[in-house]
Amino acid sequence: MGVNKMRIIRARDYKDMSEKAASIIWAQMLLKKNSVLGLATGGTVLGIYEILCEKYKEGELDFSSVKTLNLDEYVGLEGRHPQSYRHYMDKNLFEKVNILKNNTFLPNGLAEDLKRECKDYDETIRQLGPIDLQLLGLGRNGHIGFNEPDDHFEDNTHVRRLNETTIKDNSRFFEMGEEVPKSAITMGIKPIMESKAVLLAVSGVEKAKALKAVLNGPVTPSVPGSILGKHENLIVVADLDALMHVE
Ligand code: GLP
């Protein structure tokens, strides 16, 4: 195994976690104006985006040369659907800062030929990559992006059927009675592991077991996030609740 440069930054609570994680993205953008940022969606990273938008408003951040690659998108939701990840990114970050829309990339969940779309997304990642800083949240079942627990790690972009726990967890974002998509296109493990740095943001007791498995457990595809233990430059920013079981 290579030299493990994992760093764990302990935050008091969600707000503190968001501030600390945002400051790392901020520093990355100051160090390299034309950074390629790998971005994530979900509840955890919302506070981070809010802070980045504030910093932009204050004139501290410039997104004009930044390029972004998102981890995933639901299959079957068009970009304007309020629960699509394209919509989430537009609303929570892209439309609030001076990023060029053409420099923001997500898989297209409406592609007629999903296999082709996966290949095309890998090609986009190849052209833009390696990712300078990959932001990640963590699923309650240890997933990263939509790389769900499995018997092997999937290197490339692929269509993934979502686990029942994930569908249940994500149903909170959907309207009552509205169906949560059963599958998604997700970036594979390879570009995540090839990114120059990974920033894993974790908050809350409901993530504590998953975070322990990621940080203290063996590397196994049944906990996809555990592969991050092998990354050469992993930064974990987690609050005390999420860290409660970590040794
Ligand atoms: C979602 C996303 C992941 C995200 C994770 C945690 O399903 N596909 O990229 O990191 O699950 O989400 P949350 O932060 O809402 O708990």
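Just above sits the structure.
Just so it is clear, the structure is predicted and the values come from calculations on it, not from any experiment. (Residues numbered from 1 in each chain as written. Predicted model: local features only at pLDDT ≥ 70, side-chain atom pairs only at ≥ 80, totals over all residues. Heavy atoms only, no water.)

Participant: How would you explain the pattern of salt bridges if you had to name every residue and give the values?
Facilitator: In this structure the tally under the stated criterion is 17 salt bridges. Across the pair glutamate 58 and lysine 55 runs a salt bridge, and its minimum N-O distance is 3.7 Å. In this structure glutamate 58 comes out as exposed when scored by relative accessible area, which is 51%. Through salt bridges that share partners, Arg12, Asp16 and Lys20 make up one connected network. (Salt bridge = Lys/Arg side-chain N within 4 Å of Asp/Glu carboxyl O. Buried < 20%, exposed > 50% of the residue type's maximum accessible area, 1.4 Å probe, protein only.)

Participant: Describe in detail helix 4 (residues 114-128), supporting the description with residues and values.
Facilitator: Between its first and last C-alpha, helix 4 extends 21 Å over 15 residues, near the 21 Å set by a 1.5 Å rise per residue. Tucked inside the fold, the buried residues of helix 4 contact strand 2 (36-39), strand 3 (67-70), strand 5 (104-105), strand 7 (158-161), strand 8 (183-186) and helix 6 (189-194). The N-cap of helix 4, judged by a side-chain oxygen 3.2 Å from the amide nitrogen of lysine 115 a few residues on, is aspartate 113. (Helix = DSSP H or I, 4+ residues; strand = E, 2+ residues; numbered from the N terminus. Expected span 1.5 Å × (residues − 1). Contact = heavy atoms within 4.5 Å. Polar contact = N/O pair within 3.5 Å; in protein donor to acceptor, adjacent residues only side chain to side chain.)

Participant: Break down the environment of leucine 114 for me, citing the residues and quoting the values.
Facilitator: Residue placement: leucine 114 occurs in helix 4. Classification of leucine 114 as partly exposed rests on a relative accessible area of 23%. Placed 39 residues apart in sequence, leucine 114 and valine 75 show a C-alpha to C-alpha distance of 8.7 Å. Those residues in contact with leucine 114, other than ones at most four positions away along the chain, are Val75, Asn108, Gly109, Val159 and Ile185.

Participant: Residue-level account of the sheet that holds strand 8, with values.
Facilitator: Strands sit in the order 4-8-7 across an open sheet of 3 strands; the sheet is antiparallel. Only two strands of the sheet have a single neighbouring strand rather than two, namely strand 4 (72-74) and strand 7. Taken pair by pair, the neighbouring strands of this sheet meet at an average axis angle of 25°, ignoring direction. (Pairing = 2+ DSSP bridges. Axes fitted to C-alpha atoms, helices over the stretch in contact; angles between N-to-C directions.)

Participant: Any chance you could break down unusual backbone geometry for me, citing the residues and the numbers?
Facilitator: In the segment running from glycine 129 into proline 130, the intervening peptide bond is cis, with an omega of -5°. Looking at the secondary structure, you find proline 130 in the loop between helix 4 and strand 6 (133-136).

Participant: Before we move on, can you summarise the site of the ligand with the specific residues and values?
Facilitator: Taken together, the neighbourhood of the ligand is formed by 15 residues, with Gly43, Thr44, His143, Arg172 and Lys207 sitting nearest. Contact distances for the ligand include 2.9 Å between a nitrogen atom and a side-chain N or O atom of aspartate 72. Taking 390 Å² as the accessible area of the ligand by itself, protein coverage stands at 95%. Considering only residue class, the shell around the ligand consists of 4 nonpolar, 8 polar and 3 charged. (Near = heavy atom within 4 Å. Areas by Shrake-Rupley, 256 points an atom, 1.4 Å probe, with all protein chains shown as cover. Nonpolar A, V, L, I, M, F, W, Y, C, P; charged D, E, K, R; others polar.)

Participant: Could you give me a rundown of the packing of aromatic side chains, with the residues and numbers involved?
Facilitator: This structure, assessed with the given rule, holds 7 aromatic pairs. A ring pair is formed by tyrosine 74 and tyrosine 85, whose centres lie 4.8 Å apart and whose planes are at 40°; its orientation type is tilted. Here the residue tyrosine 74 occupies a position in strand 4, and tyrosine 85 occupies one in helix 3 (residues 85-92), the gap between them amounting to 11 residues. Across the pair, exposure class does not vary: tyrosine 74 and tyrosine 85 are buried alike. An aromatic cluster of at least three residues, connected via ring pairs, comprises Tyr49, Tyr74, Tyr85, Tyr88, Phe146 and Phe174. (Phe/Tyr/Trp six-rings, centres within 6.5 Å; stacked < 30°, edge-to-face > 60°.)

Participant: Lay out the sheet that holds strand 10 (residues 234-239) with the relevant residues and their values.
Facilitator: In spatial order, the strands read 1-10-9-6-2-3-5; together these 7 strands make up an open sheet with parallel pairing. Every interior strand has two partners, whereas the edge strands, strand 1 (7-11) and strand 5, have only one. Sheet strands touched by helix 1 (residues 14-31): strand 1, strand 2, strand 6, strand 9 (197-202) and strand 10. Its angle to strand 10, the strand with the most contacts, is close to 155°.

Participant: Any chance you could break down the nonpolar core for me, citing the residues and the numbers?
Facilitator: Counting residues in hydrophobic clusters, the biggest one holds 41 residues, and the most contacted among them are Ile25, Ile48, Tyr49, Leu52, Phe63, Leu93 and Leu199. Elements with a contribution of two residues or more to this core: helix 1, strand 2, helix 2 (46-57), helix 3, strand 6, strand 9 and strand 10. In terms of residue count, the dominant contributor to this core is helix 1 (6 residues). Beyond its immediate chain neighbours, meaning those up to four positions away, tyrosine 49 contacts Leu39, Ala40, Tyr88, Met89, Asn92, Leu93 and Leu135. Of all hydrophobic cores here, the second largest spans 30 residues; its members include Leu71, Ile125, Leu200 and Val223. (Core = buried A, V, L, I, M, F, W, Y, C linked by side-chain atoms within 4.5 Å.)

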